[in-house]
There are 2 protein chains.
Amino acid sequence: MGEKNPENDVSAAVKKKKEIVIDLESFGETLYHQMEQGEFPWIKMPSRSTENIYYNPELRQYVLGERKVKRSTRNIRHIRPFTQLVWTAFFAHQLSHQRKTSTLRDVYYSAQAYNMSFKDQSESDNVITDLETVIGFAREDFNIFPEERSAIFGDLTIEYTVPGYEGRQMNMTSHPDGLMIGPALTYSEFVKTSADKVIAIEKGGLFTRFIEENVHKKFNALLVLTAGQAPRATRHFIRRLNKELALPVYILTDGDPWGMHIAMVIISGSANAAHLRGLTTPDAKWSGVWATDIVDYKLPTDPLTEVDMKRLQELQRDSRYKDEIWQREIKTFMKIRKKAEQEAFSRYGLTYIVDEYLPAKLEESA
Amino acid sequence: MGEKNPENDVSAAVKKKKEIVIDLESFGETLYHQMEQGEFPWIKMPSRSTENIYYNPELRQYVLGERKVKRSTRNIRHIRPFTQLVWTAFFAHQLSHQRKTSTLRDVYYSAQAYNMSFKDQSESDNVITDLETVIGFAREDFNIFPEERSAIFGDLTIEYTVPGYEGRQMNMTSHPDGLMIGPALTYSEFVKTSADKVIAIEKGGLFTRFIEENVHKKFNALLVLTAGQAPRATRHFIRRLNKELALPVYILTDGDPWGMHIAMVIISGSANAAHLRGLTTPDAKWSGVWATDIVDYKLPTDPLTEVDMKRLQELQRDSRYKDEIWQREIKTFMKIRKKAEQEAFSRYGLTYIVDEYLPAKLEESA
């Protein structure tokens, strides 16, 4: 560990940004070329309809199948979405070129500055997903970021690449409340770390507890706060920590079907992102709170609601949950009909979770 | 501006912590003293029932009236809540003494380690509010923090007082995604700033846009992300920026009744916190998005829903909203029956909000 993977040189993030600008430009050139040839501009892209989404056990994520859709401006019904797609590519190119970031909502409103009409934000969101599918990069790569922010803390030194901060380094222990994971961290280069693992945590209270109890030192860990369901930028960031620094990732959530699924989306992604790679961390481990932990540690619990039970039944049939540990935990939840929060360990004192539970679980998941 | 108010010396936060420990101890001593006198221990505290909550126009916040409640262990029905209160004071003392932070939920579970029974978290939350009322400090002051985190960015140098970071200084421009406002920032001392105002922003997307567009430099501003309704620790932090550094505060929210109320809670607090001082910033200004801005700037809008309209009617009768500007804006919302988001300005280009709207509004609110 320690030094970063030499395959990823210092300008990996910068290179990727350049690649995207080139891809966006070549998309535009293709259209020009088609028109020069006297053709109505058209594109072909993988279909994102449900029948074309498969779980790929090797990649351990959802992928799109072979079905393609063709959109041609020869077809009058395609002209509107086609134009919207081209405008979105233009706008993404502008963002990347000017190194400005934006949000899904901003794109929706920005369109109006160009007299591009989207009937609502879900229409523009959908066209942005089309663009992801066409160029094969996530929207964060062309500077469209989520509103939500999560955070990191621990001994990792990064180097910024964003305007005004180029070349400046920052250690992620500098601010004991944690550093927000926004565009600047997403585009940063990893310089060095003494950590040998990543612990992702669902809730702010526990994140702060771990910092106060020096979990980053005691366990040589980088701590990532997901703040509920991890935003896509954070999932991408966790993957980078795993791939570029070869750090194993452990995920701690509440002990209920919703917590399980927070872990699963970090591990295997969602069906909605079947057209993308680079957002999942297939080797990440869900380390707790397991249903079996609730039993073994005699945790204070709440009863599972009908909604919880229904969700467990859905997860039981979900291809991402086919492995033994998930099936075992789902069955145990259904049997005990109880759930427990991360904070439930405070029943044994505030530091029990750090002193007893965490070391036991890290050993168990390793 | 620039230098901090000399009234607040470098150890203000540390002093306050000591004061709270002393207050908690003297609460305990009072009980011992009562028992030594042969009395059943008792306390008197202001009633928090609705009939005892008044809006105080001078303080510009809700306050508790003259009514007191007495709780005595002579009364068998009082023994349970009394014991819970004493345990909570003990636990708060322990947290403050050991310099550990906790959350409302943690306290609920921690009680079980002491065989203190709360029937649910709302019972323990309520006893924590009792303790706030008894000692007159907010729970954050005795180390019980909310889960939610917001962030700050701009030229402010602070000095940490939390364990392991004592005396270390940090400038709030160090991390271009923003620094989380958690316990460490809450307890920090303000060292210096070149800013002459604070701009509080409801949404993460606009916070990032403002950083990218150098609003902190162009407008000499500290930027605070409230991330929706500002957590109490953030409201306290905004007040400190206003009082200790004498910085005026401007608040930017979505243009709808919910955005208005995000601003109002920063300005005048909530009825729930009528027993506390130190969470409000009465001189802070709601700078937009006003209903009249929607008209003047011809913003893209959505229709107000029935729920929105009902909320406006509630606000219209609320004593915090009696000033002319609020009444005018409420009436305008009701008349146009439309709302607009902060991002709606992107309709004139991504930087319009910074180049045109913000300077106009700062001048208008100054």
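Residues numbered from 1 in each chain as written. Chains lettered and ligands numbered in written order. Predicted model: local features only at pLDDT ≥ 70, side-chain atom pairs only at ≥ 80, totals over all residues.

1. Thoughts on the packing of helix 9 (residues 257-268) of chain A against helix 11 (residues 306-317) of chain A
All names here are of chain A.
In step 1: Between helix 9 and helix 11, the least distance of the axes is 9 Å, while the angle of their chain directions is 35°. On helix 11, the residues touching P257, M260 and H261 of helix 9 are D308, R311, L312 and L315.
In step 2: Of the residues that constitute the contact of helix 9 with helix 11, the class distribution is four nonpolar, one polar and two charged. (Axes fitted to C-alpha atoms, helices over the stretch in contact; angles between N-to-C directions. Helix = DSSP H or I, 4+ residues; strand = E, 2+ residues; numbered from the N terminus. Contact = placed C-beta atoms within 7 Å. Nonpolar A, V, L, I, M, F, W, Y, C, P; charged D, E, K, R; others polar.)

2. Comments concerning the domain arrangement of chain A
All names here are of chain A.
In step 1: Partitioning chain A into structural domains gives domain 1 (12-145) and domain 2 (150-365).
In step 2: A straight line from the C-alpha centre of domain 1 to that of domain 2 covers 31 Å.
In step 3: Every contact between the two is made by 19 residues of domain 1 and, on the other side, 23 residues of domain 2.
In step 4: Every element with two or more residues in the side of domain 1 that touches domain 2 is listed here: helix 1 (12-36), strand 2 (53-56), strand 3 (61-64) and helix 4 (121-135).
In step 5: When residues of the side of domain 1 that touches domain 2 are assigned to their parent elements, the largest contribution, four residues, is made by strand 3.
In step 6: Looking at the side of domain 1 that touches domain 2, its residues break down into eleven nonpolar, three polar and five charged. (Domains from an automatic or database assignment.)

3. Structural notes on the interface of chain B and chain A
In step 1: Taken residue by residue, the interface counts 45 residues in chain B and 45 residues in chain A.
In step 2: Those elements giving two or more residues to the side of chain B that touches chain A turn out to be strand 5 (102-103), helix 3 (104-113), strand 10 (179-181), helix 5 (183-186) and helix 6 (204-212) of chain B.
In step 3: Considering each element in turn, the side of chain B that touches chain A owes the most residues, six residues, to helix 3 of chain B.
In step 4: Its residues placed into classes, the side of chain B that touches chain A shows 19 nonpolar, 14 polar and twelve charged.

4. Observations regarding the sheet that holds strand 8 (residues 156-159) of chain A
All names here are of chain A.
In step 1: If you trace the three strands from one edge of the open sheet to the other, you get 9-8-11, paired in antiparallel fashion. Each edge of the open sheet carries a strand with a single partner, namely strand 9 (169-171) and strand 11 (189-193). Ignoring which end each strand starts from, the neighbouring axes of this sheet average 25° apart.
In step 2: The pairing of strand 8 with strand 11 spans four bridges and is classified as antiparallel. Paired with L156 across the bridge in strand 11 is T193. (Pairing = 2+ DSSP bridges.)

5. Quick look at the packing of helix 1 of chain A against helix 2 (residues 76-98) of chain A
Residues and elements named next belong to chain A.
In step 1: At their nearest, the axes of helix 1 and helix 2 sit 10 Å apart, and the two run at 150° to each other. In terms of axis orientation, helix 1 runs roughly antiparallel to helix 2. Crossing handedness for the pair helix 1 and helix 2: left-handed. Every residue of helix 2 that contacts helix 1 at K17, I20, V21, L24, E25, F27, G28 and L31 is listed here: V86, A89, A92, H93, S96 and H97.
In step 2: Residue composition of the contact of helix 1 with helix 2, by class: eight nonpolar, four polar and two charged. (Parallel < 35°, antiparallel > 145°, perpendicular 65-115°, else oblique. Left-handed = near helix turned anticlockwise from the far one by under 90°.)

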